[in-house]
Amino acid sequence: MKLIFIGPPGSGKGTQAKRLAGRFGIPHISTGDMLREAIADGTELGKEAAPIMAAGALVSDDLMIGIIRDRLAKSDASHGFILDGFPRTVVQAEKLDGIVGNGTEPLRVLQLLVPDDAIVRRISLRRTCSQCGAIYHLENNPPAAGGVCDRCGAAVVARADDTEEAVRKRLEAFHRQTLPVAAFYKTKSLLREVDGVGPVDEVFERIEKSLA
Ligand code: AP5
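Residues numbered from 1 in each chain as written. Predicted model: local features only at pLDDT ≥ 70, side-chain atom pairs only at ≥ 80, totals over all residues. Heavy atoms only, no water.

**Student:** How should the overall build of the protein be read in this particular structure?
**Tutor:** Secondary structure summary: the protein contains 8 helices and 8 strands in total. On C-alpha atoms alone, the protein measures out to a radius of gyration of 16 Å, which is about the 17 Å that the 2.2 N^0.38 rule sets for 212 residues. Projected onto its principal axes, the C-alpha positions of the protein cover 45 × 40 × 35 Å. Within the protein, the fraction of its 212 residues that count as buried is 44%. Partitioning the intrachain contacts of the protein with sequence separation of at least 6 by distance along the chain shows that 68% fall at a separation of at least 24. (Helix = DSSP H or I, 4+ residues; strand = E, 2+ residues; numbered from the N terminus. Rg over C-alpha atoms; globule rule 2.2 N^0.38 Å. Buried < 20%, exposed > 50% of the residue type's maximum accessible area, 1.4 Å probe, protein only. Contact = heavy atoms within 4.5 Å.)

**Student:** Explanation requested: the sheet that holds strand E6 (residues 135–137) in the structure shown.
**Tutor:** Two pairing modes exist for strands in a sheet, parallel and antiparallel, and in both the strands are linked by backbone hydrogen bonds. Read across the sheet, 3 strands follow the order E6-E5-E7 without closing on themselves; strand pairing throughout is antiparallel. The open sheet has two free edges, formed respectively by E6 and strand E7 (156–157), since each of these has just one partner strand. Packed onto the sheet, helix H6 (residues 116–124) meets strand E5 (126–129) and E6 and runs at close to 45° relative to E5. (Pairing = 2+ DSSP bridges. Axes fitted to C-alpha atoms, helices over the stretch in contact; angles between N-to-C directions.)

**Student:** Can you help me understand the sheet that holds strand E2 (residues 28–30) in this one?
**Tutor:** Here we have 5 strands laid out as an open sheet, ordered E2-E3-E1-E4-E8, and parallel in their pairing. Of all the strands in the sheet, the pair left with one neighbour each is E2 and strand E8 (191–195). Pairwise comparison of adjacent strand axes, ignoring direction, gives a mean angle of 25° for this sheet.

**Student:** Can you help me understand the layout of surface pockets in this one?
**Tutor:** A probe matching the size of a water molecule, rolled over the atoms, marks out where space remains unfilled. The volume enclosed by the second largest pocket comes to roughly 500 Å³. Of all the secondary structure elements, the ones that give two or more residues to the lining of the second largest pocket are helix H2 (31–41), helix H3 (44–54) and E5. Ranked by the residues each element gives to the lining of the second largest pocket, the list is headed by H2, at 6 residues. A breakdown of the residues in the lining of the second largest pocket according to their chemical character gives 10 nonpolar, 4 polar and 6 charged. (1 Å grid on protein atoms, 1.4 Å probe; cavity = no way out; pocket = protein on both sides within 12 Å on 5 of 7 lines; lining within 4 Å. Points joined across faces, edges and corners; volume = space filled by probe spheres on them. Nonpolar A, V, L, I, M, F, W, Y, C, P; charged D, E, K, R; others polar.)

**Student:** I would appreciate a short explanation of the side chain of Lys2 in the present structure.
**Tutor:** Take Lys2: it is sitting in strand E1 (residues 2–6). The contacts of Lys2, once residues within four sequence positions are left out, are Gly80, Phe81, Val100, Glu105, Pro106, Leu107 and Arg108.

**Student:** Would you mind showing me how to read the pattern of salt bridges here?
**Tutor:** Where side chains of opposite charge bring their charged atoms close, a pairing between them can arise. Summed over all chains, the structure comprises 17 salt bridges. The partner of Glu139 in a salt bridge is Arg121, with the nearest N and O atoms 2.5 Å apart. Here Glu139, found in the loop between E6 and E7, pairs with Arg121, found in helix H6; they are 18 residues apart in sequence, far enough to count as distant. Judged by its relative accessible area of 47%, Arg121 is partly exposed. The partner of Glu202 in a salt bridge is Arg206, and the shortest N-O contact between them spans 3.5 Å. In this pair, Glu202 and Arg206 are both assigned in helix H8 (residues 200–211), 4 residues apart and thus about one turn of the helix distant. Residue classification places Glu202 among the partly exposed residues on the basis of a relative accessible area of 41%. By relative accessible area, Arg206 is classed as partly exposed at 26%. Salt bridges sharing partners connect three or more residues here, namely Arg126, Arg159, Asp161, Asp162 and Arg170. (Salt bridge = Lys/Arg side-chain N within 4 Å of Asp/Glu carboxyl O.)

Take a look at the structure:
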């Protein structure tokens, strides 16, 4: 399965992609997670990406295409993958076609539909593990032991780009730069839309049905 998740910030792409990756035994490739790791490691990429991400803007296409080309060349992605956060522009989508080529397994593209007002509530209460990236929500799915991760015990924190101003910019970027990506795949008849509102388990069931 070669699956792409499209959806606004906070729509549940990461939450659902992690579950699906476990179900299908394929890697969950999140460009946001990769960039946050680079920032935590203090690499040149991280230094370049940090201010752009904090402002809620998009990192350059050239940089992101290079990162994805290298990642998809790794052996664990040879039998399938779930892309979360890429492609985010039509230029990235066109380049991805060239990277994945005309393999036997066609790309599947799933768009999670969540209205903007629900997004703001989800993101303001999101917390993420600083070590393993596990995703929590202070109301719906809080860590069992307060401020530490259930899985690895590291601190659970708010993301640097989850400020009100950055979220507004990220939503703008989604509408202006990423919705055309959904249209790009719609014209190729690859796009499936899934209602992303409701309990996480219900959304997961809808996704499974849509992929069946
Ligand atoms: P990225 O990390 O991809 O962020 P995003 O797209 O803004 O998405 P989020 O991670 O915020 O949300 P999500 O949809 O994964 O939701 P989640 O599952 O966490 O990118 C960050 C930045 O990196 C970008 O702004 C950009 O600067 C840069 N970048 C990355 N890729 C790039 C690219 N290709 N090109 C250029 N720049 C790039 O859920 C959110 C919250 O809601 C959680 O608390 C969760 O518990 C809760 N939740 C989930 N599902 C439900 C539900 N059904 N009901 C209630 N709550 C729910």
